[in-house]
Amino acid sequence: METLEFKFSAKKKGTAKKRAHVGVVGSGDLEVLLEPLDTADAQVRIRTSVPGFSQQWQAVLDRFFMKYDGAVAIEINDAGATPGVVALRLAQAAEASE
Amino acid sequence: MTTSTEPLSSVHMPKRRDSFIELNGRERALVFCDLDSWRELLGPFDRLESPWLLPQNVTPQADDGCIVIKGKIDGVSTVVVSMEPAFQGGSLGEVSGAKICAALDLACRDNENGIQTNAVLLLETGGVRLTEANLGLAAVAEIISSLLSLRQLAPIVCLTAGTVGCFGGMSLVAALSSYMVMTVEGRLGLNGPEVIEQEHGVEEFDSKDRALIWAIDGGEQRYATGLADALVQDDVGEIRQAVRGLLKAGVPSVYRSAQVDLYRKRIAALDTAQQFNPEDLRKTWHRENTK
């Protein structure tokens, strides 16, 4: 197990209108819990069953937050999802929270 | 002139099946409730997850793989419990067990207070979660106790649609419920095929032989031998219809679990010197001979 925490600066409050839950902690998949925050940044906490991939997580999140500017708290429970699946789930959570 | 209100484009379209099996646990629970009548109890944002998984290097899920929806089906208050098939094989842990138990107890209390409340259990589960074995076993006992109280007051419909099936301790829950609904893809059995093979060898039961497994544990066989009350296609509409029909039928007059003599006689009458095949068993234990 590994727990990772990341912070990103968020330009906008209110991008996320409501909280959103997508995905399942099943093999090769992950669960995303996204909640709107009233702060100036976005927080991400990841718990993953596959340790040693913090650089890859950083890269996937960097890419997501290049476009996404909402002040949100994101919790990820990961069961070995590939970066592609992670990116899709993040996008899905962002959409579901609009 | 046609009086149909269907849009023209859909009239000549071949009817496609709307798969239930492809839905996740939460989506499955929601297909049953009347529109906008439901709310989720102890959902993922309540973060009631299992405390036993992290120390064993397993990622927990925020709802512990158990979704509880309180809503209305055909206007009648109903609690729908769904085990998430993709999380740990739909297994039952301390938290998911307590959620199911509490849901059944609350339904029981509502009924006692004059509010008719039925239950639907979507059992896609390999049984007790091995990483929380003792607590899972205790949870099965508690669920059964709650279920036996509730089933006197309101119908409890169980559904096993597949593809996980319903095994282990949770198969006891299914067997004690008011009604059992299965699809052809669904399976129901106490010991799963891999467990039998592991304990008694491949000659006893080949867990790779899918045709053999489904001929014994599969929905078609379970229905034909009277161990399930309805056999449905993997179709949301058909499954919803079957569950609603059984809820309307109310509390059954005879439970399978009360027919001890019948099932004892069935077993006693079997000549175990010869190898039975599933087709023979279907004739000997035909569902028409159940009552």
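Everything numeric in this text was worked out from a predicted model, so none of it was measured.

**Considering the overall build of chain B**
Along its length, chain B carries 11 helices and nine strands. Here the C-alpha radius of gyration of chain B, 20 Å, is about what a compact globule of 291 residues would show, namely 19 Å. Its C-alpha atoms put chain B at 60 × 60 × 40 Å along the principal axes. Counting every position in chain B, which comprises 291 residues, the buried fraction comes to 43%. Put simply, of all contacts in chain B between residues at least 6 apart along the chain, 74% involve residues at least 24 apart.

**Section: the sheet that holds strand E3 (residues 30-36) of chain A**
All names here are of chain A. In space, the five strands of this open sheet follow the order E1-E4-E5-E3-E2, with mixed pairing throughout. Both outer strands of the open sheet, strand E1 (2-9) and strand E2 (20-23), are each paired with one neighbouring strand and no more. The mean inter-strand angle of the sheet, taken between neighbouring strand axes irrespective of direction, is 10°. Here E1 pairs with strand E4 (residues 41-48) via eight bridges, running antiparallel. If you follow Phe 8 over to E4, its bridge partner there is Ala 42. Each of E1 and E4 is contacted by helix H1 (residues 54-67), which is oriented at about 30° to E1, the strand it contacts most.

**What about the sheet that holds strand E7 (residues 179-183) of chain B?**
Residue and element names in this part refer to chain B. Reading across from one edge, E1-E2-E3-E4-E5-E7-E9 is the order of the seven strands in this open sheet, with mixed pairing throughout. Only two strands of the sheet have a single partner each, and these edge strands are strand E1 (39-41) and strand E9 (230-232). Sheet twist, expressed as the mean angle between neighbouring strand axes with direction ignored, is 25°.

**What about the pairing of strand E3 (residues 76-83) of chain B?**
Residue and element names in this part refer to chain B. Within E3, six of the eight residues are buried, leaving the element largely enclosed by the surrounding structure. Pairing geometry for strand E2 (residues 66-73) and E3, over eight bridges, is antiparallel. Following the sheet pairing, Ile 73 is matched in E3 by Val 76. Hairpin remark: E2 followed by E3, antiparallel, with two residues in the connecting loop; positive phi at Asp 74, about 50°. Of the strand pairs in this sheet, E3 and strand E4 (residues 117-122) are connected by six bridges, and their pairing is parallel.

**A few points about the interface of chain B and chain A**
As a measure of interface size, the accessible area lost when the parts come together is often cited. Tallying the contact residues gives 13 residues for chain B and 15 residues for chain A. Of the residues in the side of chain B that touches chain A, the class split is eight nonpolar, four polar and one charged.

**Describing the environment of Pro 83 of chain A**
Residues and elements named next belong to chain A. Relative to the elements of secondary structure, Pro 83 occurs in helix H2 (residues 83-96). Taking the number of C-beta atoms within 10 Å as the measure of exposure, Pro 83 has 13 and is therefore partly exposed. Remark: the alpha-carbon pair of Pro 83 and Ala 59, spanning 24 residues in sequence, is separated by 8.9 Å.

**What about the packing of H1 of chain A against H2 of chain A?**
Residues and elements named next belong to chain A. Running from N to C, H1 and H2 cross one another at 35°; their axes reach a closest spacing of 10 Å. Once H1 is placed against H2, the crossing between them reads as right-handed. Of the residues in H2, those touching H1 at Gln 56, Val 60, Arg 63 and Phe 64 are Pro 83, Val 86, Ala 87 and Leu 90. Here the contact of H1 with H2 is composed, by residue class, of six nonpolar, one polar and one charged.

**Topic: the environment of Gly 237 of chain B**
Relative to the helices and strands, Gly 237 of chain B resides in helix H9 (residues 236-249). C-alpha separation for the pair Gly 237 of chain B and Val 31 of chain B, spaced 206 residues apart in sequence, amounts to 8.8 Å.

**Remarks on the pairing of strand E5 (residues 72-78) of chain A**
All names here are of chain A. For E5, the buried fraction is high: five of the seven residues fall into the buried class. Direction of pairing for E3 relative to E5: antiparallel, over a ladder of seven bridges. Following the sheet pairing, Glu 35 is matched in E5 by Ala 73. Judged from the six bridges that link them, E4 and E5 form a sheet pairing that is parallel. Opposite Arg 47, over in E5, you have Asn 77 as the bridge partner. Where the polypeptide runs from E4 across H1 and back to E5, its parallel neighbour, the crossover connection is left-handed.

**So, unusual backbone geometry**
Residue and element names in this part refer to chain B. Here the bond from Gly 162 into Thr 163 is cis, since omega is 5°, no more than 30 degrees from zero. Relative to the helices and strands, Thr 163 is located in the loop between strand E5 (156-160) and strand E6 (166-167). At Arg 47, a position not held by glycine, the phi torsion is positive, near 50°. Mapped onto the elements, Arg 47 comes out in the loop between E1 and E2. Judged by the 13 C-beta atoms lying within 10 Å of it, Arg 47 is partly exposed. Non-glycine residue Gln 88 carries a positive phi angle of around 50°. Along the chain, Gln 88 falls in the loop between E3 and helix H3 (94-112). Owing to 29 C-beta atoms within 10 Å, Gln 88 belongs among the buried residues under this scheme.

Criteria and thresholds
Residues numbered from 1 in each chain as written. Chains lettered and ligands numbered in written order. Predicted model: local features only at pLDDT ≥ 70, side-chain atom pairs only at ≥ 80, totals over all residues. Helix = DSSP H or I, 4+ residues; strand = E, 2+ residues; numbered from the N terminus. Rg over C-alpha atoms; globule rule 2.2 N^0.38 Å. Buried ≥ 20, exposed ≤ 12 C-beta atoms within 10 Å, placed from the backbone. Contact = placed C-beta atoms within 7 Å. Pairing = 2+ DSSP bridges. Axes fitted to C-alpha atoms, helices over the stretch in contact; angles between N-to-C directions. Nonpolar A, V, L, I, M, F, W, Y, C, P; charged D, E, K, R; others polar. Left-handed = near helix turned anticlockwise from the far one by under 90°. Right-handed = clockwise from strand over helix to strand, strands pointing away.

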